[in-house]
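These are the residues of each chain, in order.
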Amino acid sequence: MDGYLGVIVIVAVVALLAAGGLFLLFRPGRKAPPVEPPQAQVLPEEKEKPPAGAGEEAEGGTTTLPPPAAKPAEPMVVEPEVEVPPPSAGRMVRLRSRLARSQSAFGRGLLELLSRDRLDDEVWDEIEESLITADVGVAPTQAMVEELRTKVKVLGSRTQEEVRGLLREQLLAQVNPDLDRTLHVQKHGERPAVLLVVGVNGTGKTTTTGKLARSLIGDGKKVVLGAADTFRAAAADQLQTWGDRVGADTVRGPEGGDPASVAFDAVAKGMAEKVDTVIVDTAGRLHTKTGLMDELGKVKRVIEKKATVDEVLLVLDATTGQNGMRQAQVFAEVVNITGIALTKLDGTAKGGIVISVQRELGVPVKLVGLGEGPDDLAPFDPEVFVDAILGE
């Protein structure tokens, strides 16, 4: 009996201990301890290798990954900045000093000869030679010398100011300030004015075309350029560069293409866009090549199927002197030249070419190039020109 009681006591104690343990385990507010997941065993050959070029820390032995490579920036398309050219008015006055530097030696020489106390035949021969050397031409020189001799005899004694006045009067008369030097660039209703620029190779024809467009845009006009010089590879690119600078559209065709077609398309575009002026640059051609000169006539005829050619400008290099006269005469036989653009008049050119070319052709000098800058093309002013020659 005592054995059964001992067993009962032991069972009761075990039951009490079990109940107490359960109470403590499920007591409110107590959290169960976290159970860590079993770690997967990493085999040596499966360990991740550090990326090539990654640096290692000195003590930790860990690897540092490089930052992700930045995407290259997309190139920005920069539109060419459109320039605002100055107006053409007063350009020759502003450039007068350049003209004077190149031409005043001629004027000073004449003034010195005419100021001598005694003007005999030898002195008059020197005066005549100076004028001819300056490319004034034989006939204009003879007319000037004859007029000067007559007036000097009437005056008798002469002051420096009187001599200068006589010479200025004669030079101005030969340059002929009464010629109409208007550049016909005004549109006709809905139709633009059309200018055809012609000349031989090397006279600065394409550059003059670009400078003229720049000048007209400076005067507030809208311009379209026609790159009808399809024979010289760089001509169309050169003209387009001039146009892009001032916001003028350039019509061009394939290299070696039909220049008349390009000219026609340029005029058509000018009419469609209602611009003021279309300027067509033609290929430089030797005046001795009949085929090329005939093609120039074709360009003009094709343009006239669409519009009227208002101005034909012949570009002459002033440094060629009398050699340029033959060029001018042959071009005048093919197209009706309405004006002359004299380039390089600020260099070694002899200013008398202005007088001789006008006298031979009966066509006025309308534009002169007085430098290499983009705004060095100026409307010709006879009085400014003569005063620059005389150094005033």
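For the structure, see preceding data.
Summarised in this report is the structure supplied together with it. Remember, it's a predicted structure, so these values are computed and weren't measured experimentally. (Residues numbered from 1 in each chain as written. Predicted model: local features only at pLDDT ≥ 70, side-chain atom pairs only at ≥ 80, totals over all residues. Heavy atoms only, no water.)

The eight strands are arranged β5-β4-β6-β3-β7-β8-β9-β10 in an open sheet whose pairing can be described as mixed. Unpaired on one side and paired on the other, β5 (249-252) and β10 (377-379) mark the two borders of the sheet. Ignoring strand direction, the axes of neighbouring strands in this sheet form an average angle of 25°. Pairing of strand β3 (residues 193-198) with strand β7 (residues 311-317) involves four bridges; the strand directions are parallel. From the neighbouring strand, L196 faces β7, where its bridge partner is V312. Lying on the sheet, helix α11 (residues 323-334) is in contact with β3 and β7; it crosses β7 at an angle near 160°. (Pairing = 2+ DSSP bridges. Helix = DSSP H or I, 4+ residues; strand = E, 2+ residues; numbered from the N terminus. Axes fitted to C-alpha atoms, helices over the stretch in contact; angles between N-to-C directions. Contact = heavy atoms within 4.5 Å.)

The next thing to look at is the packing of aromatic side chains. Each aromatic ring pair is described using two quantities: the centre-to-centre distance and the angle formed by the ring planes. This model, assessed by the stated rule, comprises one aromatic pair. Each ring, one from F380 and one from F385, has its centre 5.3 Å from the other, and the planes form 55°; the classification is tilted. The pair formed by F380 and F385 is uniform in burial state, with each residue classed as buried. Taking NZ or CZ as reference, R245 lies 5.2 Å from the ring centre of W242, over its face. (Phe/Tyr/Trp six-rings, centres within 6.5 Å; stacked < 30°, edge-to-face > 60°. Buried < 20%, exposed > 50% of the residue type's maximum accessible area, 1.4 Å probe, protein only. Lys NZ or Arg CZ within 6 Å of the ring centre and 35° of its normal.)

With that settled, the discussion passes to the pairing of strand β4 (residues 223-228). For β4, a buried count of six out of six residues is recorded, marking the element as mostly surrounded by other parts of the structure. Alternating residues of β4 divide into V223, L225 and A227 and V224, G226 and A228, and every residue in both groups is buried. Pairing between β4 and strand β6 (residues 277-282): six bridges, direction parallel. Counted as the bridge partner of A228 is T282 from β6. Both β4 and β5 contribute to a ladder of four bridges, which runs parallel. Residue pairing in the sheet places A227 in a bridge with R252 of β5. With respect to chirality, the unit in which β4 leads through helix α8 (residues 233-246) into the neighbouring parallel β5 is right-handed. (Right-handed = clockwise from strand over helix to strand, strands pointing away.)

Tallied over the entire structure, the rule returns 21 salt bridges. Note that E190 and K274 form a salt bridge whose closest N and O atoms lie 3.2 Å from each other. On the criterion of sequence distance, the pair formed by E190 in the loop between α6 (160-175) and β3 and K274 in the loop between α9 (259-272) and β6 is long-range, its members being 84 residues apart. In this structure, the salt-bridge partner of K298 is D258, at a minimum N-O distance of 3.7 Å. Remark: D258 occurs in the loop between β5 and α9 and K298 occurs in helix α10 (residues 290-303); sequence separation between them is 40 residues. A network of salt bridges, in which partner residues are shared, links E83, R91, R214 and D375. (Salt bridge = Lys/Arg side-chain N within 4 Å of Asp/Glu carboxyl O.)

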